[in-house]
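# Overview (structure and organization)
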Amino acid sequence: MFRVACRAALCAVVLLVAACATAPVPFDHAASSDVKRIGIVDPGFPDNASVVLASSVGQSFGLVGALVDAGMRSSRESDMAALVQKRQFQAKAEFMQALHQALTARGYEVVDLKAARKSHDFVDAAAYPHDAPVDAYLDTVVLNCGFLAAGIGESTPYRPGVALKCQLVSARNPKQVLMADTILLNPVNPPKEAIQISALPDYAFRDFDALMADPPRTTEALTKIVDLSADTVGKVLE
Amino acid sequence: MRPLPFAGLGLGLAALLGACASQPVKPTLTVDRGACDTSPMLAPAAPLNFDLRDEKTTDVQLDKQSRCLEVDGARDYYAVYDLPRADQPYSLAVGAIPEGTSLPSLQVVLLDAQGTVSRRLTASQFQFRGDRFVALFKSRQNEARMIVQSDHALVGQELSRIQERTETNVISGIAGHVAFFGSLHTGEDKTVSNTFSYTGRLIVTITPIPTAS
């Protein structure tokens, strides 16, 4: 029971982080024309796909309701993890591939870099690999990746969604942030600071059973949303 | 019989409020004006609210009273702003909030002190941030003025998006001898469509960007 409560608290924290976007720093390509080679720092990425019901009956019943909700969410996410594993879908690898594509298509050279990261946050400025031959570090933290329904019932289907934050940091001066933004694909009640990308209309699943009933389409939906989120990171660097 | 006068008063108030309710905003699909400027008039330019320590917003209505510009037979309404001069960089978010079915189609032109165009932000640079459809960009030292104008190429086109929302309503009441109090959580998933318009309320937000220490 305690583990379920902790998990519920952690989920709440992750949702809060997604909701509290910080003020964005827009990228000025012309002013940063010396940035040609970008080091993609190994992104923060959740272990499993999330399956979130943004409003439920349980929320009306205090802590007991929250615990029940957390238990149900945990069960849904275990089933989703099994489905994703069976389909051999690797969201992080897909994201990295799409990010490479998004940046090279926009004229950047890219290099993969490793750096120590605190969970769900950017790498500390001092921890970027300073000896790497790059002009800037692209630091991305995917906070949520999975499916989300605004409520229960057929009128609020599960749709794929991603929440991420990203920043581009100068390699010459790692305290200088050249770009910072939050990107939310299919958000609920989005904050005004974050880029909001509408859900993909072709991917709507009536309920959780419908998600589980069509594994190829479920993983296809995840692929599309992960690719779109990576491309949006590329777009803010145009 | 006593409650009747109050009921009558209530009905009267409701009728009055109904009559005062604003009409849904529809998109403006034409520029109904006589002669338009053939090049933008850069003076007078409106100032923008600015504070080195905090985010500041300026609202302007782009409407049938705004200046209009005609280039190659295409007309647009426009507004001109003086950009704040500051040593510290700042971000500008230029955009609008959909009203009714209408969403202003916008483009932004930035000019230096001599009036030479430095850069132009068009449809592909606009995105939804919360409920605002905005272009977000960083200030440049050489830029002194900004023209925000409608984008005739977009007017009449439709933009659809899926909106997900949740709502919490507090409920309370008395059933027999038992009082109850609680909250009801509901969700909504709907497709919203807006048509790009020549007019609407523009919002310009300036936020200082902290410099590297």
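Computed from a prediction, not measured in an experiment: that's the story for all the values here.

### Quick word on the overall build of chain A
- Counting secondary structure elements, chain A contains five helices and seven strands.
- When the helices and strands of chain A are placed in sequence order, the string is α-β-β-α-α-β-β-β-β-β-α-α.
- Counting over 238 residues, chain A shows a buried share of 40%.

### Observations concerning the environment of Arg132 of chain B
- Tracing the chain through its elements places Arg132 of chain B in strand S9 (residues 132-138).
- Given 19 C-beta atoms within a 10 Å radius, Arg132 of chain B is considered partly exposed.
- Measuring from C-alpha to C-alpha, the distance between Arg132 of chain B and Ala96 of chain B comes to 5.5 Å, with 36 residues separating the pair along the chain.
- With residues near it in sequence (within four places) discarded, Arg132 of chain B still touches Lys192 of chain A together with Gly95, Ala96, Ile97 and Ile203 of chain B.

### Some details on the interface of chain B and chain A
- With 27 residues of chain B at the interface, the matching set in chain A holds 34 residues.
- Every element with two or more residues in the side of chain B that touches chain A is listed here: strand S8 (126-129), S9, strand S11 (158-175) and strand S12 (178-197) of chain B.
- When residues in the side of chain B that touches chain A are grouped by element, the largest group, eight residues, is from S12 of chain B.
- Taken together, the residues of the side of chain B that touches chain A sort by class into seven nonpolar, eleven polar and nine charged.
- Of the pairings in the sheet, the one linking strand S7 (residues 195-197) of chain A to S8 of chain B comprises two bridges and is antiparallel in character.

### As for the confidence of the model for chain B
Residues and elements named next belong to chain B.
- Mean pLDDT over chain B works out to 87, with 89% of the residues at or above the 70 mark.
- The secondary-structure element of chain B with the lowest mean pLDDT is helix H1 (residues 3-20), recorded at 50, while strand S6 (residues 106-112) shows the highest, at 97.
- Model confidence for the complex is summarised by a pTM of 0.86, with the ipTM given as 0.83.

### Digging into the nonpolar core
- Grouped together as the largest cluster of nonpolar side chains are 60 residues, with contacts concentrated most on Ala136 and Ile183 of chain A.
- Mapped onto this core, the elements with two or more residues apiece are strand S1 (37-41), strand S2 (50-53), helix H3 (91-104), strand S4 (136-149), strand S5 (159-170), strand S6 (177-185), S7 and helix H5 (215-236) of chain A.
- It is S4 of chain A that provides the largest number of residues to this core, a total of ten residues.
- With residues near it in sequence (within four places) discarded, Ile183 of chain A still touches Leu164, Cys166, Ala194, Ile195, Ile197, Ser229, Thr232 and Val233 of chain A.
- Formed by 32 residues, the second largest nonpolar core is a distinct cluster that contains Leu110, Leu136, Met146 and Val204 of chain B.

Each value, and the rule that gives it
Residues numbered from 1 in each chain as written. Chains lettered and ligands numbered in written order. Predicted model: local features only at pLDDT ≥ 70, side-chain atom pairs only at ≥ 80, totals over all residues. Helix = DSSP H or I, 4+ residues; strand = E, 2+ residues; numbered from the N terminus. Buried ≥ 20, exposed ≤ 12 C-beta atoms within 10 Å, placed from the backbone. Contact = placed C-beta atoms within 7 Å. Nonpolar A, V, L, I, M, F, W, Y, C, P; charged D, E, K, R; others polar. Pairing = 2+ DSSP bridges. pLDDT = per-residue confidence, 0-100. Core = buried A, V, L, I, M, F, W, Y, C linked by C-beta atoms within 7 Å.

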